[in-house]
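This is what each chain is made of:
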Amino acid sequence: MDDQNESASVRVLCRKLVITKNEPGLQWLIGSPFFPPFTIISTFRCIHTLSSNPLSPDYSKESDDLRTLLLKGFDVIGALIVGNNSDSEQIPGEVIDASRKMRKLLSGDDNGGKLGNQRLIGGVVDSNTGGVRFFVSRSGNSNSIESVTSVVYEENPERYIWERGCILRCELPIKLPVYYPLNSPKDAENMYLRATDAVAAKFRDPQVSYMVETLNEPSTEVLPPVILRGAELDFHTDLSNARLKIETTQESDAKVLPCLYFCSKSKDISSFTSMDENADKIQVTVLLNRSDHSSKSAAPIAEYFPALDEAKIVVVDYKLEVLCYAAKDLPLAFAISKLIIPGLVEQLYTMKNTVLPNLLTQHPQLRPYHFCPPGLLHPMTVIYELSYGETEMKQVEVRRSLHLRLGLPFDRPLLRIANAINLSITKNSARSNSIRKGTPLLKDVHLGIPSSGVSGGAPFLIQGSYEYYHYLQDGFDDSGWGCAYRSLQTIISWFRLQHYTSIDVPSHREIQQSLVEIGDKDPSFIGSREWIGAIELSFVLDKLLGVSCKVLNVRSGAELPEKCRELALHFENQGTPIMIGGGVLAYTLLGVDYNEVSGDCAFLILDPHYTGNDELKKIVNGGWCGWKKAVDSKGKHFFLHDKFYNLLLPQRPNMV
């Protein structure tokens, strides 16, 4: 713990601290009570303001959003201001004031912001250079601000976070019946509010128990679950005083057993890469025990409460799912009382506020999802209204506002339901998207292939994952005619794996059916062995995915190197796989290696004409995926000079 006399030092974990230096705005700095003071884990942009002044946030809307987004165990520890007037002497005080107000709203008046201490960080961004000038307040008071003497940028932030902490998950479906007099529907709201309060209070009931078990992959050591009873939980001790040293705990006492007990002892910590791969995960299950230490019969009891007037029932379905971040040395009992239970209560009340206006009509279908998009070091939680549908404009606008807050691109579907973290399944079952007829498909077969040999060249490659489709897969004989179909399947798999679509990769027959349905082919085309080309592929992509395409025409294979610059721009800006069709052959292009000065280039070809088993070594060594030059060292031409070529360039949808 730092002392008042020590110089102030800031540690930055997030790789992109300033979301945008060109637009005036406020960013909330996120930290954790489990880390040293003034440690910045991430930053969220303030998107609700009361005026054009970035230091006039709408605290009510902002706190509502952040309360949902932030996992318990993370908190607002400061703010960062970007703007033309950032040199003003009043700015540091205003930034600290904004941070203090937000922190107070998020922590609530009942605990006085005791999730952590009152130390706050402020920052001013130079809108010209993007440089940041930090300052801190050790008391949270805008009148006692000091400059920062050093800023440390962590080299391996993932390791820093997941070596010290773990994820706790608690899922709880609730069916909440609300009875109200038929002749007084206005009473329904009061009944609903009382019922919700009763559920929230039940989490602290001495008769409620919490079963804790590991969510990590099975190892040689099988740990039995730990049961913590509500009567054993401490709801009064401040979290900052709750952490006990591991060496002082007794494993026989569940109350002081640390989270570390369920963390992997054999995990390789030499190279941390992501939350999904590296984080230790703990499951908490809520149990209601009515028979514990009871002198009465343990048999279930049915109680009858007669209604005085004719009544009606409304049943509200909740699906609570809370993630929390805890230090590994935090006792499990405090992780439940200070993180899990407050998280469940806040999520319950957030859903209550959304349901309340529509209590007697159609209830919104609310479901929490957890995401860890690129650039964010920790998960966040979003509550989606499922009755909208993912393509309905209200849902799109919700995701667009989240992209704005996080500084995410607006042409990538990074926060769709398919992107959500699923901690309830194992990694093996999560691979079901890559299974066809029980056989796993190879993904990203180009990774690890040696360089192209283009001197001074720059590689421009596909962005994202794909599956390799080729001749004779699924026991279907398309040898000699199905190469373009296979290239199309690879392209559609790319759109699936990037979550632009959830449709299954179509079979040859389904591709043919699509072309008949749009009137491009006669019905006799279905079930035939007729070839298709770039134009037909563009029709299918438009019909099935709503994806538009550019088509490049080349009169001869000898002219293909002249298109390398345009192809490099495609992979840089769009990043989608390209289909090359010439004569009776079709290939999938995954990238180009291009020397702009000399014009020398090579093409990264994925060949659908392969007929063997899905063995990566065999495919790579056989040249079925590799760099090809238009003319190799032996003078052999890969592309035919007497054939014209069409190149199909699918355009990445501009969507979230």
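That block above? That's the structure.
Keep in mind it's a predicted model, so treat the numbers as computed, not measured.

Quick notes on the rules
Residues numbered from 1 in each chain as written. Predicted model: local features only at pLDDT ≥ 70, side-chain atom pairs only at ≥ 80, totals over all residues. Heavy atoms only, no water. Buried < 20%, exposed > 50% of the residue type's maximum accessible area, 1.4 Å probe, protein only. Pairing = 2+ DSSP bridges. Helix = DSSP H or I, 4+ residues; strand = E, 2+ residues; numbered from the N terminus. Contact = heavy atoms within 4.5 Å. Axes fitted to C-alpha atoms, helices over the stretch in contact; angles between N-to-C directions. Salt bridge = Lys/Arg side-chain N within 4 Å of Asp/Glu carboxyl O. Phe/Tyr/Trp six-rings, centres within 6.5 Å; stacked < 30°, edge-to-face > 60°.

K.L.:
Before we go on, may I ask you to explain unusual backbone geometry in this structure?
P.N.:
Positive phi is not limited to glycine here, since Phe-38 has a value of about 65°. Classification of Phe-38 by relative accessible area gives buried; the value is 5%. Positive phi, close to 70°, is recorded for Leu-472, a residue that is not glycine.

K.L.:
Would you take a moment to explain the sheet that holds strand S5 (residues 75-82) for this structure?
P.N.:
For sheets, the rule is that strands pair by backbone hydrogen bonds, running either parallel or antiparallel. Taken in spatial order, the 6 strands of this open sheet run S4-S2-S5-S6-S7-S8, and their pairing is mixed. Strand pairing shows two members of the sheet lacking a second neighbour, strand S4 (42-45) and strand S8 (146-147), which therefore form its edges. Inspection of the sheet shows strand S2 (residues 25-31) paired to S4 by 4 bridges, in the antiparallel sense. Bridge assignment links Leu-29 to a residue of S4, and that residue is Thr-43. Relative to the sheet, helix H2 (residues 91-107) contacts S2, S5, strand S6 (120-125) and strand S7 (132-137), its axis offset from that of S5 by approximately 150°.

K.L.:
Can you walk me through the environment of Val-316 in this structure?
P.N.:
Within the secondary structure, Val-316 is located in strand S14 (residues 311-327). A relative accessible area of 1% means that Val-316 is categorised as buried. Once residues within four sequence positions are removed from consideration, Val-316 is found in contact with Ile-174, Lys-175, Leu-176, Tyr-192, Val-355, Leu-359 and His-363.

K.L.:
Any chance you could explain the pattern of salt bridges here in plain terms?
P.N.:
Pairing between side chains of opposite charge can happen when the charged atoms of each approach one another. Following the criterion strictly, the structure yields 26 salt bridges and no others. Residue Glu-171 is joined to Lys-319 by a salt bridge in which the shortest nitrogen-to-oxygen separation is 2.8 Å. Placement of Glu-171 in strand S10 (residues 165-181) and of Lys-319 in strand S14 is noted, with a sequence separation of 148 residues between them. A residue is classified by how much of its surface remains accessible, and Glu-171, at 26% relative accessible area, is partly exposed. Each of the salt bridges in this network shares a partner with another, and the network as a whole consists of Arg-169, Glu-171, Lys-319, Glu-321 and Arg-367.

K.L.:
Which parts of the structure should I look at to understand the pairing of strand S15 (residues 366-371)?
P.N.:
The two faces of the sheet receive side chains in turn, since in a regular strand these alternate between them. When you tally the buried positions in S15, you get 5 out of 6 residues, the bulk of the element. As paired elements, S15 and strand S16 (residues 380-385) share 6 bridges and run antiparallel to each other. Among the inter-strand pairings, Tyr-369 is bridged to a residue of S16, identified as Val-382.

K.L.:
I'm lost on the environment of Leu-330 in this one. Help?
P.N.:
With respect to the secondary-structure elements, Leu-330 resides in the loop between S14 and helix H6 (332-355). Along the primary structure Leu-330 and Leu-257 are separated by 73 residues, whereas in three dimensions their C-alpha atoms are 8.3 Å apart.

K.L.:
Quick question: what am I supposed to make of the sheet that holds strand S1 (residues 9-12) here?
P.N.:
Ordered by their spatial adjacency, 3 strands build an open sheet running S3-S1-S9, and the pairing between neighbours is parallel. The sheet terminates laterally at strand S3 (39-40) and strand S9 (150-153), the two strands that pair on one side only. Across 4 bridges, the pairing between S1 and S9 is parallel. Bridged to Val-12 within S9 is Tyr-153.

K.L.:
I tried to follow the packing of aromatic side chains on my own but got confused; where do I start?
P.N.:
Using the criterion set out here, one finds 19 aromatic pairs in the structure. Here the aromatic rings of Phe-34 and Tyr-325 are separated by 6.3 Å at their centres, their planes lie at 50°, and the arrangement is tilted. Here the residue Phe-34 occupies a position in the loop between S2 and S3, and Tyr-325 occupies one in strand S14, the gap between them amounting to 291 residues. Taken individually, Phe-34 and Tyr-325 each receive the classification buried, so the pair is uniform in this respect. For the ring pair Phe-74 and Tyr-325, a centre distance of 4.9 Å and an interplane angle of 20° mean the geometry is stacked.

Note that all results are geometric; they support no functional claim without further evidence.
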